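Results of the structural survey
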Amino acid sequence: MLSFKDIKFLLKNKKARDTQGLFVAEGRKLFLEAPKEDVEQVLMSKTFAGMHPEYIGMLKEHTDVIADIEDARFASLTDTKTPQGILTVIRKPHFDLQQTLAGSCPLIMILEDLQDPGNVGTILRTAEAAGVTAVFLTENCADLYSPKATRATMGSIYRVPHFHVSNAPELIEWLQEQCGVTSYAAHLRGTRSYTDCTYRKGSAFVIGNEGNGITDAAAEACGELIRIPMMGQVESLNAAMAAGVLMFEAQRQRRAL
């Protein structure tokens, strides 16, 4: 059983999460949707456990449960203003790359060096809603297993295949060579509107860093630079918003088949 100190360290330290293969999911939804065979430990505040005794019954006998933590002490574990009263320590999910990309027309998101964990988590959640095959994150992206990113996924972290790669250009080239996937970069230099391209075949969208956008190397590796037309004086969209626009356009085209 992990100690209170160990769990605090997991919450705050990416290296610890990577080394142990564990992360901490906060809230009822992330507990209820977690694959129970992967749950290592559950912590509940005394108030929450008193109000929801049925939650303890949902767990397998081997799962460690601490259900008597004083509310103030429990709150010190979280970075939310109003903690829900339950934390789940869970093993990181593992997805098979070959099996994931086995289909003929994969739809892929590539996140290059995104720094906002809220954006990373929201994109994963939106990817599930849009029927995306897989999400790839470069090594300089915000940690998907950080508390803020995990909360933003709203459970999609358990279901959407996601993989970490060293860099975007090599991945883009590999996807083209091995899977016949054409990559599109949302870019200010894009000459074609995103609605003028066809995404019915294997396609990938590259979303770049919030401040700097996509690297030149990634842009050069892509099959095409596209743009999202905007009105007013706005030059760019939030990364998660732009990703959502592109994913749902691809979904719209594929539904029309």
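Bear in mind the structure is a predicted one, so any value in this text is a computation, not a measurement.

**Observations regarding a nonpolar patch on the surface**
- A contiguous nonpolar surface patch, about 330 Å² in accessible area, is contributed by Met 230, Val 234, Leu 237 and Met 241.
- With respect to the element layout, Val 234 can be found in the loop between β11 (224–227) and α12 (239–255).
- Residue Val 234 is classed as partly exposed on the basis of its relative accessible area, which comes to 47%.

**Comments concerning the environment of Thr 88**
- Note on placement: Thr 88 falls in strand β4 (residues 86–91).
- When the C-alpha atoms of Thr 88 and Thr 63 are compared, they prove to be 10 Å apart, with 25 residues separating the residues in sequence.
- When near neighbours in sequence (up to four residues on either side) are disregarded, Thr 88 contacts Phe 23, Val 24, Ala 25, Phe 31, Val 39, Gln 41 and Val 42.

**What to know about the nonpolar core**
- One finds Leu 111, Val 135 and Phe 205 to be the most contacted residues of the largest nonpolar core, which totals 48 residues.
- A per-element tally of this core places α12 first, with 7 residues.
- Among residues more than four places away in sequence, those in contact with Val 135 are Met 109, Leu 111, Leu 124, Ala 127, Val 160, Pro 161, His 162 and Phe 163.
- Formed by 20 residues, the second largest nonpolar core is a distinct cluster that contains Leu 101, Ile 110, Ile 172 and Ala 219.

**As for α12**
- An ideal rise of 1.5 Å per residue puts 24 Å on 17 residues; α12 measures up with 24 Å between its terminal C-alpha atoms.
- Within α12, burial applies to Ala 239, Ala 240, Ala 242, Ala 243, Gly 244, Leu 246, Met 247, Glu 249, Ala 250, Gln 251 and Gln 253.
- For α12, the N-terminal capping position is held by Asn 238, with its side-chain oxygen 2.8 Å away from the main-chain nitrogen of Ala 240.

**Considering the side chain of Thr 153**
- Following the sequence through the fold, Thr 153 ends up in helix α9 (residues 147–153).
- We classify Thr 153 as buried; its relative accessible area is 0%.
- Within polar-contact distance, the side chain of Thr 153 engages the backbone oxygen of Thr 150 at 2.7 Å.
- Setting aside its immediate chain neighbours within four residues, Thr 153 contacts Leu 30, Gly 121, Leu 124, Arg 125 and Leu 144.

**Digging into the sheet that holds β4**
- Taken together, the 4 strands give an open sheet; going across it, the order is β1-β4-β2-β3, and neighbouring strands pair in mixed fashion. Two strands in the sheet have a free side with no partner beyond their single neighbour: β1 (22–26) and β3 (64–69). Each strand of the sheet is rotated relative to its neighbour by a mean of 15 degrees, with strand direction disregarded.
- Direction of pairing for strand β2 (residues 39–45) relative to β3: parallel, over a ladder of 4 bridges. Each residue of the ladder has a partner; that of Leu 43, found in β3, is Ile 66.
- Its contacts with the sheet put helix α1 (residues 4–12) on β1, β2, β3 and β4, and the angle it makes with β1 is roughly 90 degrees.

Each value, and the rule that gives it
Residues numbered from 1 in each chain as written. Predicted model: local features only at pLDDT ≥ 70, side-chain atom pairs only at ≥ 80, totals over all residues. Heavy atoms only, no water. Patch = residues over 30% accessible without salt bridge, like charges linked within 9 Å, V, L, I, M, F, W, Y side chains within 5 Å. Areas by Shrake-Rupley, 256 points an atom, 1.4 Å probe, with all protein chains shown as cover. Salt bridge = Lys/Arg side-chain N within 4 Å of Asp/Glu carboxyl O. Helix = DSSP H or I, 4+ residues; strand = E, 2+ residues; numbered from the N terminus. Buried < 20%, exposed > 50% of the residue type's maximum accessible area, 1.4 Å probe, protein only. Contact = heavy atoms within 4.5 Å. Core = buried A, V, L, I, M, F, W, Y, C linked by side-chain atoms within 4.5 Å. Expected span 1.5 Å × (residues − 1). Polar contact = N/O pair within 3.5 Å; in protein donor to acceptor, adjacent residues only side chain to side chain. Pairing = 2+ DSSP bridges. Axes fitted to C-alpha atoms, helices over the stretch in contact; angles between N-to-C directions.

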